Amino acid sequence: MEWLPHREAMAWFLAEVWPAVHAADPRIQCHLAGKGLERIIPGLDQPGIVVHTGPIDAREFARLRPILIAPSFSGSGIMVKVVEGMTMGKAIVTTPNGARGLSSEHGRNMMVSANPNDWVEWIVALANDRAARKRIGKGARSTALAMHDPAVAAKIFLDGIRP
């Protein structure tokens, strides 16, 4: 969270999305973790926000969460945490920048929009619909294994540069 694009994206989520999610369903919790998070992100004191500090096993943290939220509005490259979430079969809600380069297909392997109202609708729906989470997570995992596995990616790259 010390990288400016991550801070900006999380500030957007906490200001534009989370209050409406919590108002729609106060049972939903948002678990956040990251180095320096408690020092640099405003809005962490909102109801339903659970901040995890100290050393954290990122894989275990993600494994325990049914939905991966990954807002991103700037920065470049593939978001590694999104690919990791895909391989874990997570239901993912992200922005177009967060899905860039990931063979994303909205509604099949992740939910993609920069509209806060869409995020609220999807987070509430996914939190309350295990079958939908499993369906999107299954699509995410299938896509990750087919397109983003290192061996597959290397083959695609090499096939593209061979005459």
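Preceding block: the structure.
Counting starts from 1 at the beginning of each chain's written sequence and moves along it residue by residue. This being a predicted model, a pLDDT of at least 70 is required before a residue's local features are given, and a value of 80 or more before pairs of side-chain atoms are given or counted; all residues contribute to the totals for chains, interfaces and linings. As a convention, hydrogens and water are excluded, and side-chain values are obtained from all of the structure's heavy atoms.

K.L.:
Residue-level account of the pattern of salt bridges, with values.
P.N.:
One speaks of a salt bridge when a side-chain nitrogen belonging to Lys or Arg is within 4 Å of a carboxyl oxygen belonging to Asp or Glu. One pass over the full model with this rule turns up four salt bridges. A salt bridge links Arg27 to Asp25; the nearest nitrogen and oxygen atoms lie 2.7 Å apart. Per-residue accessibility, obtained with a 1.4 Å probe over protein chains only, is compared with the maximum for each type, and a residue is labelled buried under 20%, exposed over 50%, and partly exposed between these values. Since its relative accessible area comes to 65%, Arg27 is described here as exposed. Where Arg63 meets Glu60, a salt bridge forms, and the shortest distance between an N and an O atom there is 2.6 Å. Note that Arg63 and Glu60 are positioned in helix α3 (residues 58–63) at a spacing of three residues, about one turn of the helix. The partly exposed category is assigned to Glu60, whose relative accessible area is 33%. Helix and strand definitions here come from DSSP, where helices need a minimum of 4 consecutive H or I residues and strands a minimum of 2 consecutive E residues; each element is numbered from the N-terminal end.

K.L.:
Help me get a handle on helix α1 (residues 4–24), residues and values and all.
P.N.:
A helix is expected to reach a length of 1.5 Å times the quantity of its residues less one. For α1, built from 21 residues, the straight-helix expectation of 30 Å at 1.5 Å per residue is met to within 8% by its first-to-last C-alpha distance of 29 Å. Working definition for bend: take the seven residues up to and ending at a residue and the seven starting at it, fit an axis to each, and measure the angle between the axes. At Val17, α1 is bent by approximately 45°, the largest bend along its length, and proline Pro19 sits one to four residues beyond. Among all positions of α1, only Pro5, Ala9, Met10, Trp12, Phe13, Leu14, Val17, Trp18 and Val21 are buried. Summarising the contacts, the buried residues of α1 are in contact with β1 (30–33), β2 (49–52), β3 (67–70) and α6 (116–127). The contact rule is simple, with two residues in contact once any of their heavy atoms fall within 4.5 Å.

K.L.:
So, helix α4 (residues 80–87): which residues are in play, and what are the values?
P.N.:
Of the positions making up α4, those classed as buried are Val82, Val83, Gly85 and Met86. Down the axis of α4, the sector holding all buried residues measures 160°, keeping them to one side. Of the residues in α4, the exposed ones pointing more than 90 degrees away from the buried face are Val80 and Lys81. The elements touched by buried residues of α4 are β3, β4 (91–94), α5 (96–99) and α7 (130–148). Trailing α4 by a residue or two, Gly89 shows a phi angle of about 75°, which is positive. To obtain the arc, one takes the directions from the helix axis to the C-beta atoms.

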